[in-house]
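# Residue-level structure breakdown
Spelled out from the first residue to the last, the chains are:
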Amino acid sequence: QVQLQQSGAELVKPGSSVKISCKASGHTFTSYDMHWIKQQPGNGLEWIGWIYPGNGNTKYNQKFNGKATLTADKSSSTAYMQLSSLTSEDSAVYFCARYRRGGNWFAYWGQGTLVTVSS
Amino acid sequence: DIQMTQSPASLSASLGETVTIECLTSEDIYSNLAWYQQKPGKSPQLLIYYANILNDGVPSRFSGSGSGTQYSLKINSLQSEDVSIYFCQQNYDSPLTFGSGTKLEIK
């Protein structure tokens, strides 16, 4: 079955960067976009963007241009998101997610990675 | 960006009751709407897509309806395991956007 396994929680300092991972299994990694979604404590969900691991194409929510960089490693079926110039506003849980087969709906989610930005 | 206005923000109901959650969109999204359920400390789970199609394994007490700019999620015969936050999401246009969520509790 499709599984998305994310890396563990991160405590990082303001101004630094962090790179979190999402290892996919149970499906052909290069055939599906991998999306990233942000959830701040008590807040709703924000779509960050997607990467198509087959060719590395990406699309970002304009709000996250310059903040998030999406990459993928086909050899390990792992997607990555790097967040740069971190501030307290970047403290959140970040999810990777994949569409269901035959429809653009998030049927598969990672367990989430908590990023805490604090000095 | 398409704005998603979800109501109510919170809801308390008794076991066995029927509840309805609404989602208004800032423009017509032609039924390109999904509903997700998020239990405390967990990832969201897809309940309904294309406004009214139940995802695999979702109990039939959940149903979705609507068109244009107005959509709703109905839960019949409320069960204790339905305590969650519910989100709507549109994928008609980029950027994908979500409602702010409805927190459902049991009285």
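As a starting point, this report considers the structure included with it. Worth saying up front: this structure is predicted, and the values here are computed from it rather than measured. (Residues numbered from 1 in each chain as written. Chains lettered and ligands numbered in written order. Predicted model: local features only at pLDDT ≥ 70, side-chain atom pairs only at ≥ 80, totals over all residues. Heavy atoms only, no water.)

### Thoughts on the sheet that holds strand β1 (residues 3–6) of chain A
Residues and elements named next belong to chain A. The four strands lie next to each other as β1-β3-β8-β7, forming an open sheet whose pairing is antiparallel. Single-partner strands in this sheet number two, and they are β1 and β7 (68–73). With direction set aside, neighbouring strand axes in the sheet form an average angle of 20 degrees. Of the pairings in the sheet, the one linking β7 to strand β8 (residues 78–83) comprises six bridges and is antiparallel in character. Paired with Thr71 across the strands is Tyr80, a residue of β8. (Pairing = 2+ DSSP bridges. Helix = DSSP H or I, 4+ residues; strand = E, 2+ residues; numbered from the N terminus. Axes fitted to C-alpha atoms, helices over the stretch in contact; angles between N-to-C directions.)

### Digging into the packing of aromatic side chains
Taken as a whole, this structure holds ten aromatic pairs over all chains when the rule is applied. Here Phe95 of chain A and Trp109 of chain A contribute two aromatic rings whose centre-to-centre distance is 5.6 Å and whose plane-to-plane angle is 85 degrees, an arrangement assigned as edge-to-face. Placement of the pair is Phe95 of chain A in strand β9 (residues 92–99) and Trp109 of chain A in strand β10 (residues 106–109), with a sequence separation of 14 residues. Here the two residues Phe95 of chain A and Trp109 of chain A agree in accessibility, since each one is buried. For the pair Phe106 of chain A and Trp109 of chain A, a centre-to-centre distance of 5.7 Å together with 70 degrees between the ring planes defines the contact as edge-to-face. Per residue, the accessibility class of Phe106 of chain A equals that of Trp109 of chain A, and both read buried. Through a chain of ring-to-ring contacts, the aromatic side chains of Phe95, Tyr99, Phe106 and Trp109 of chain A together with Tyr36 and Phe98 of chain B assemble into a single cluster. Here the guanidinium or amino end of Arg98 of chain A rests over the ring plane of Tyr32 of chain A, the centre of that ring lying 3.5 Å away. (Phe/Tyr/Trp six-rings, centres within 6.5 Å; stacked < 30°, edge-to-face > 60°. Buried < 20%, exposed > 50% of the residue type's maximum accessible area, 1.4 Å probe, protein only. Lys NZ or Arg CZ within 6 Å of the ring centre and 35° of its normal.)

### What about the sheet that holds strand β7 (residues 62–67) of chain B?
What links the strands of a sheet is backbone hydrogen bonding, and the strands pair in either a parallel or an antiparallel sense. All names here are of chain B. Ordered in space as β1-β3-β8-β7, the four strands form an open sheet in which the pairing is antiparallel. A strand with exactly one partner marks an edge of an open sheet, and here the two such strands are β1 (4–7) and β7. Here the average twist between neighbouring strands, direction ignored, is 15 degrees. Here β1 runs beside strand β3 (residues 19–25); their pairing, made up of four bridges, is antiparallel. Its bridge partner lying in β3, Met4 is registered against Thr25.

### Some thoughts on the interface of chain A and chain B
Chain A puts 20 residues into the contact, and the matching count from chain B is 21 residues. For the chain A face of the interface with chain B, the top three residues by lost area are Leu45, Arg100 and Trp105 of chain A, together amounting to 41%. Linking chain A to chain B there are zero salt bridges. At the boundary of chain A and chain B, one finds seven residue pairs in polar contact (both at pLDDT 80 or more). Breaking the side of chain A that touches chain B down by element, the ones donating at least two residues are β4 (34–39), β5 (45–52), β9 and β10 of chain A. Residue composition of the side of chain A that touches chain B, by class: nine nonpolar, eight polar and three charged. (Contact = heavy atoms within 4.5 Å. Buried area = accessible area lost by both parts, 1.4 Å probe. Salt bridge = Lys/Arg side-chain N within 4 Å of Asp/Glu carboxyl O. Polar contact = N/O pair within 3.5 Å; in protein donor to acceptor, adjacent residues only side chain to side chain. Nonpolar A, V, L, I, M, F, W, Y, C, P; charged D, E, K, R; others polar.)

That is the geometry; function is a separate question.
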